[in-house]
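Chain by chain, the residues:
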Amino acid sequence: MEIKAELLAGERLSKQKAVAIAEYAASSPETFRELFACFLSKDPLLVQRAAHSLSIAARKNAELVQPFTGTLVQQLGRTDVHNAVLRNSARILECVPVQEEFHAELIESVFRIIQDRQSAIAVRTFSLTIAHRLSHTYPELRQELKFAIEERLPFESAAFRSRAAKILAELNRKGTG
């Protein structure tokens, strides 16, 4: 299978085809790298279509993501990319270990996203989880995360409020100081 050709074939990418591409990409480092290259392409259509398959492949074989976590952190920090890039970068980063060398950049990006009402709800919600995970490593982030959540809560969607409530409950159990 040539991943790029499969992603660009047809007027739209069905869920079934996205899953098939993801399964193929998750089968080896080489095929995963091929899909990741499509995700970083200059072709906006290719990037959008690759994003969903990439997040599926990353969940199927998280080990394959490790060489690319720095790039995903960089993508999450961008403001000039399609929402699909941000959403799927955040979706992947919320469930894979991120090397310590990328923590500062990731912390800065997720807190910016959480506080930005213009960011898509899914990206903000995934960013909550990332920030919460990082607060296990950096307890000093707990108070800042609690404040950011409480400040946004009255203005947010049900999805954000649901995830935020769970995180706040845990932050309150652990203490925020």
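By convention here, each chain's residues receive numbers from 1 onward along its written sequence. Local features in this predicted model are restricted to residues of pLDDT 70 or higher, and side-chain atom pairs are both shown and tallied only at a pLDDT of 80 or more, whereas totals for entire chains, interfaces and linings draw on every residue. Values shown for side chains rest on all heavy atoms present in the structure; no hydrogens or waters enter the calculation.

Asker: Honestly, the overall build of the protein in this entry has me stumped. Any pointers?
Answerer: The helix and strand tally for the protein stands at 10 helices and zero strands. Runs of H or I in DSSP of at least four residues are treated as helices and runs of E of at least two as strands, each being numbered from the N terminus. Starting at the N terminus and ending at the C terminus, the protein contains elements arranged as α-α-α-α-α-α-α-α-α-α. The C-alpha radius of gyration of the protein comes to 17 Å, within 12% of the 16 Å expected for a compact globule of 177 residues. Overall, the protein is about 50 × 30 × 25 Å in size when its C-alpha atoms are taken along their principal axes. When accessible area is computed with a 1.4 Å probe and restricted to protein chains, residues below 20% of their type maximum are described as buried, those above 50% as exposed, and intermediate ones as partly exposed. When burial is assessed residue by residue, the protein has 49% of its 177 residues classed as buried. Contacts: residue pairs with any heavy atoms within 4.5 Å of one another. Of all intrachain contacts in the protein linking residues separated by at least 6 positions in sequence, the fraction that spans at least 24 positions is 67%. A radius of gyration in this sense is built from C-alpha atoms; the matching globule rule multiplies 2.2 Å by the number of residues raised to 0.38.

Asker: Please clarify how the packing of aromatic side chains should be interpreted in this entry.
Answerer: Side-chain rings of Phe, Tyr and Trp (the six-membered ring for Trp) are treated as a pair once their centres are within 6.5 Å; stacked means planes under 30 degrees apart, edge-to-face means over 60, and tilted covers the remaining angles. In total, this model carries four aromatic pairs according to the counting rule given. When the centroid spacing of 5.7 Å and the interplanar angle of 45 degrees are considered together, the rings of phenylalanine 32 and phenylalanine 68 count as tilted. Pair noted here: phenylalanine 32 is in helix α3 (residues 29–39) and phenylalanine 68 is in the loop between α4 (44–60) and α5 (69–76), with a separation of 36 residues, a long-range link. Judged by relative accessible area, phenylalanine 68 falls into the buried class, the value being 14%. Joined through ring pairs, the aromatic side chains of Phe32, Phe36, Phe39 and Phe68 make up one cluster.

Asker: Help me understand the nonpolar core, please; the structure alone is not making it clear to me.
Answerer: The nonpolar side chains of soluble globular proteins are, as a tendency, buried together. By size, the foremost hydrophobic cluster in this structure holds 59 residues, and its most contacted members are Leu7, Leu35, Leu76, Leu106 and Leu145. Each residue touching leucine 35, except ones within four places of it in the same chain, is listed here: Ile3, Leu7, Ile21, Ala25, Ala50, Ser53, Leu54 and Ala57. Grouping buried Ala, Val, Leu, Ile, Met, Phe, Trp, Tyr and Cys residues that are joined through side-chain atoms within 4.5 Å yields what is termed a nonpolar core.

Asker: Just to check I follow, could you spell out the packing of helix α8 (residues 121–137) against helix α9 (residues 141–152) for this structure?
Answerer: To describe two helices that pack against each other, one gives the angle between their axes and the distance between the axes. Each axis is a line fitted through C-alpha atoms, and for a helix only the stretch in contact is used; angles between axes span 0 to 180 degrees, taken between their N-to-C directions. One can describe the packing of α8 onto α9 by two numbers: an axis separation of 9 Å at closest approach and a directional angle of 155 degrees. On the basis of the axis angle, α8 is roughly antiparallel to α9. As α8 runs across α9, the sense of the crossing is left-handed. Contacts between α8 and α9 involve Leu128, Ala131, His132, Leu134, Ser135 and His136 on the former and, on the latter, Leu141, Arg142, Leu145 and Ile149. Just so you know the grouping, Ala, Val, Leu, Ile, Met, Phe, Trp, Tyr, Cys and Pro go in nonpolar, Asp, Glu, Lys and Arg go in charged, and all remaining residues, Gly too, go in polar. Tallied by class, residues from the contact of α8 with α9 come to six nonpolar, three polar and one charged. By the definition adopted for this analysis, an angle is roughly parallel if under 35 degrees, roughly antiparallel if over 145, roughly perpendicular if from 65 to 115, and oblique otherwise. By convention, the crossing between two helices is left-handed when the near helix turns anticlockwise from the far helix through less than a right angle, and right-handed when the turn is clockwise.

Asker: Explain the environment of arginine 124 to me, please; I cannot follow it from the model alone.
Answerer: Assignment of secondary structure puts arginine 124 in helix α8. Apart from residues lying up to four places away in sequence, arginine 124 is in contact with Ile113, Ile114, Asp116, Arg117, Ser119, Glu156 and Phe160. One polar contact links arginine 124 to glutamate 156, side chain to side chain, over a distance of 2.3 Å. Polar contacts, as used here, are pairs of N or O atoms within 3.5 Å; protein pairs need one atom able to donate a hydrogen and one able to accept it. Residues neighboring in sequence count only if both atoms are side-chain atoms.

Asker: Before we go on, may I ask you to explain the side chain of arginine 91 in this structure?
Answerer: Note on placement: arginine 91 falls in helix α6 (residues 83–93). Positive residues here are Lys and Arg, negative ones are Asp and Glu, while His and the chain termini are left out of the count. For this document, the term salt bridge refers to a Lys or Arg side-chain nitrogen within 4 Å of an Asp or Glu carboxyl oxygen. No salt bridge is formed by the buried arginine 91; the nearest opposite charge belongs to glutamate 94, separated by 6.0 Å. Discounting residues that sit within four places of it in the chain, arginine 91 has contacts with His52, Ser55, Arg59 and Phe126.

Asker: Which parts of the structure should I look at to understand the confidence of the model for the protein?
Answerer: The pLDDT score gives, residue by residue, the confidence of the prediction method on a 0 to 100 scale. In the predicted model, the protein carries a mean pLDDT of 95, and the fraction of residues at 70 or more is 99%. Least confident of the elements in the protein is helix α10 (residues 158–174), whose mean pLDDT is 92; most confident is α3, at 98.

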